[in-house]
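If you want the building blocks of each chain, they are given just below.
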Amino acid sequence: MTTLQSSRLRPRTILLLALLLLRGSVAFAQSAGETAAGALKQTVQSPQIVTYQLQSYLRARAARLPAPSSADSWTTEAQRIREHVLKDVVFHGWPEEWVNSPPHFEDLGEIPSGPGFRRRKFRYEIVPGFYTTAVLYEPQSLKGRVPAVLNLMGHFTSSGKAEEFEQTFCINQALRGMIALNLEWIGMGESNQPENAHWFAADLDLVGLNGVGLFYLAMRRGLDFLDGDPDVDPRRIGVTGLSGGGWQTIILSSLDERVAVSVPVAGYVSLKGRAERLPEEPGDIEQNATDLVAGQDYSTFTAMRAPRPTLLIDNAEDDCCFRAPLVRPYIFDAVRPFFHLYGRDDDFEFYQETAISAHNYGPDSREQAYRFFAKHFHLPAPEQEIRVGEQIRSYPDLAGGLPADNLTILGLARKLASGVTRAQPPSDASERIHWRDSEREKLRRTVRYRPVTVKDPWLVANTNHSQLESVSYRFEMSNGLSAAGVWLEETGTKPGAPLSIVLNDDGR
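In what follows, the accompanying structure is described. The structure displayed is predicted, hence computed values, not measured ones.

1. As for the overall build of the chain
Within the chain, the regular secondary structure consists of 16 helices and 15 strands. Counting only residues that meet the buried cut, the chain has 49% of its 508 residues in that class. Long-range contacts, defined here as pairs at least 24 residues apart, represent 73% of the contacts in the chain between residues at least 6 apart. Surface accessibility of the chain: about 23900 Å² in total, with carbon and sulfur atoms responsible for 52%. Taken together, the 54 basic and 63 acidic charged side chains of the chain have centroids lying 5 Å from each other.

2. Overview of the nonpolar core
The biggest cluster of nonpolar side chains holds 82 residues, and the ones touching the most others in it are Trp94, Leu214 and Ile251. Beyond its immediate stretch of four places on either side in the chain, Trp94 contacts Val99, Val127, Leu204, Leu209, Asn210, Gly213, Leu214, Leu217 and Leu412. Formed by 21 residues, the second largest nonpolar core is a distinct cluster that contains Phe165, Val265, Leu311 and Phe373.

3. What about the state of the cysteines?
Taken as a whole, this structure holds 1 disulfide when the rule is applied. The disulfide partner of Cys320 is Cys321, and the S-S distance across this bridge is 2.4 Å. On the S-S bond that ties Cys320 to Cys321, the torsion sits near 70°, and the link is right-handed. Classification of Cys321 as buried rests on a relative accessible area of 10%.

4. Comments concerning unusual backbone geometry
Here Leu278 and Pro279 are connected by a cis peptide whose omega angle stands at 0°. Structurally, the position occupied by Pro279 is in the loop between helix H9 (271-275) and helix H10 (298-303). One non-glycine residue, His378, adopts positive backbone phi at about 60°. For His378, the position within the fold is in the loop between helix H13 (363-377) and helix H14 (395-398). Note on His378: relative accessible area 67%, which makes it exposed.

5. Observations concerning the side chain of Thr133
One can find Thr133 in strand S5 (residues 130-139). Engagement of the side chain of Thr133 in a polar contact is seen with the side chain of Glu190, the distance being 3.2 Å. When near neighbours in sequence (up to four residues on either side) are disregarded, Thr133 contacts Phe122, Arg123, Tyr124, Lys161, Asn182, Leu183, Glu184, Glu190, Gly400, Gly401 and Leu402.

6. Observations regarding the side chain of Ser470
If you trace the backbone, Ser470 turns up in strand S13 (residues 468-477). Engagement of the side chain of Ser470 in a polar contact is seen with the side chain of Thr463, the distance being 2.5 Å. Discounting residues that sit within four places of it in the chain, Ser470 has contacts with Ala39, Ala461, Asn462, Thr463, Val486, Trp487 and Leu488.

7. What to know about the pairing of S5
Extensive coverage of S5 is indicated by the burial of 10 of its 10 residues. Counted along the chain from strand S4 (residues 117-127) to the antiparallel partner S5, the turn is 2 residues long, and its residue Gly129 has a positive phi close to 85°.

8. Examining helix H3 (residues 71-90)
Of the residues making up H3, those classed as buried are Ala71, Trp74, Ala78, Ile81, Arg82, Val85, Leu86, Val89 and Val90. Those residues of H3 that are buried lie in contact with helix H7 (212-228), helix H8 (244-255), H10 and helix H12 (336-341).

9. Considering the sheet that holds strand S3 (residues 105-111)
By definition, the strands of a sheet pair up through backbone hydrogen bonds, in either a parallel or an antiparallel sense. Read across the open sheet, the 9 strands follow the order S3-S4-S5-S7-S6-S8-S9-S10-S11; overall the sheet is mixed. The outermost strands of the open sheet, each flanked by one partner alone, are S3 and strand S11 (348-353). On average, each strand axis in the sheet is tilted by 20° relative to the strand beside it, whichever way the strands run. Relative to strand S8 (residues 232-242), strand S6 (residues 146-152) runs parallel, the two being bridged by 6 bridges. Pairing of Asn151 across the sheet is with Thr240, part of S8. Running over the sheet, helix H5 (residues 164-175) touches S4, S5, S6, strand S7 (179-183) and S8 and is turned about 45° from S5.

Procedures and definitions
- Residues numbered from 1 in each chain as written.
- Predicted model: local features only at pLDDT ≥ 70, side-chain atom pairs only at ≥ 80, totals over all residues.
- Heavy atoms only, no water.
- Helix = DSSP H or I, 4+ residues; strand = E, 2+ residues; numbered from the N terminus.
- Buried < 20%, exposed > 50% of the residue type's maximum accessible area, 1.4 Å probe, protein only.
- Contact = heavy atoms within 4.5 Å.
- Areas by Shrake-Rupley, 256 points an atom, 1.4 Å probe, with all protein chains shown as cover.
- Lys, Arg positive; Asp, Glu negative; His and termini not counted.
- Charge placed at Lys NZ, Arg CZ, Asp CG, Glu CD.
- Core = buried A, V, L, I, M, F, W, Y, C linked by side-chain atoms within 4.5 Å.
- Disulfide = S-S within 2.5 Å.
- Polar contact = N/O pair within 3.5 Å; in protein donor to acceptor, adjacent residues only side chain to side chain.
- Pairing = 2+ DSSP bridges.
- Axes fitted to C-alpha atoms, helices over the stretch in contact; angles between N-to-C directions.

Written out as structure tokens, the structure reads:
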């Protein structure tokens, strides 16, 4: 860190988003402390300015959609992106034996069902010691291999797979000739506990594993299960889900070519579109995982679906996020040319839900999904949704039960952290200098350190009392962002006095 001169600030390299500069005596009287508190409460820059700067910063760095010249060139490029994202991002740090292990589903028995379908509950392992649950819905009578749909859940309800609309949706799929597998998402339903909060994915990052890998493995296990089911036609597997389930749908179906048909619902937008609505739509940590949208974006992931059938559903007046008119330009209009390259324009659709002004996968949207799956799975065209209210079961009826010592996201991070070893610095002084420089370079690469300079220190406010004077600065950075800081100095401080830089997670 560069030492700042007491005469006045000059442009210097800086790595601070908020800073407090204290100079002079540390033994301020109570009145001086009160004066300091008053100086620190002064507004240096408005939150609106900070938000705008961050929006501009992110929009300028959002990945742009490729511009392929042919279907063959995009097929090749999409495969390169797919391999890169899986190897270098999603599975970064994850043991190969975990990534490549076969699905392990335990059949926990049949759940009372109704005419035309049956259902069973399962418990399955995501990684060793970490389980979640699922429910399988099947047609009562199976003749040969049939299509299957992986139904993924989001954050919208703590009841998970017992949610009424989800049961209705899966039962209807079974009654229409499809096998439906409904996975319990981590942190919801039976795994709804504090240490499974998704923000703990950052703790997995800290021990060297990309946090998004856990969520990807959780949903891919379901796809592996369906792909290996002798009653499932592996050429007719679909994926769908609402909200976080919509995010899972686009990620899984863009990165795994086994997904023939994809129907993500109100689950994502491009980074550029998300930045335009900060801070209302900051996104969850798995959606904005480390390196996930570096070099590619959700528009790119959508384009990677070409030429496989894809229906995007969003709500016109969503009370959560992803309003249809605000996301369509980025994830549909911009992607249509990719399907056109293959001559498959009709296999890429967008539906705007207007019947319900809320975050939902309501009857209208579900009927669009039935229609789309039937069309591309070559099933009879469905009529309206079949009423199955009497077949809805309670949360306890669907519960599979998790092991008493089942891992959580935080628990997994702690377990992995216990195995981290740190090399001791060399005892030889010259070797220690080389080791230090090498470790610093590793740290720079890990945190993506890019130094910036203070382009201009703005003088915003000041105070001057009998014991204390202050100057408030807005530091305009060379990268377009800014930082706020307050210089505090005891009146009459002699030149050459010591200086302290004080930082606080909660700001000044």
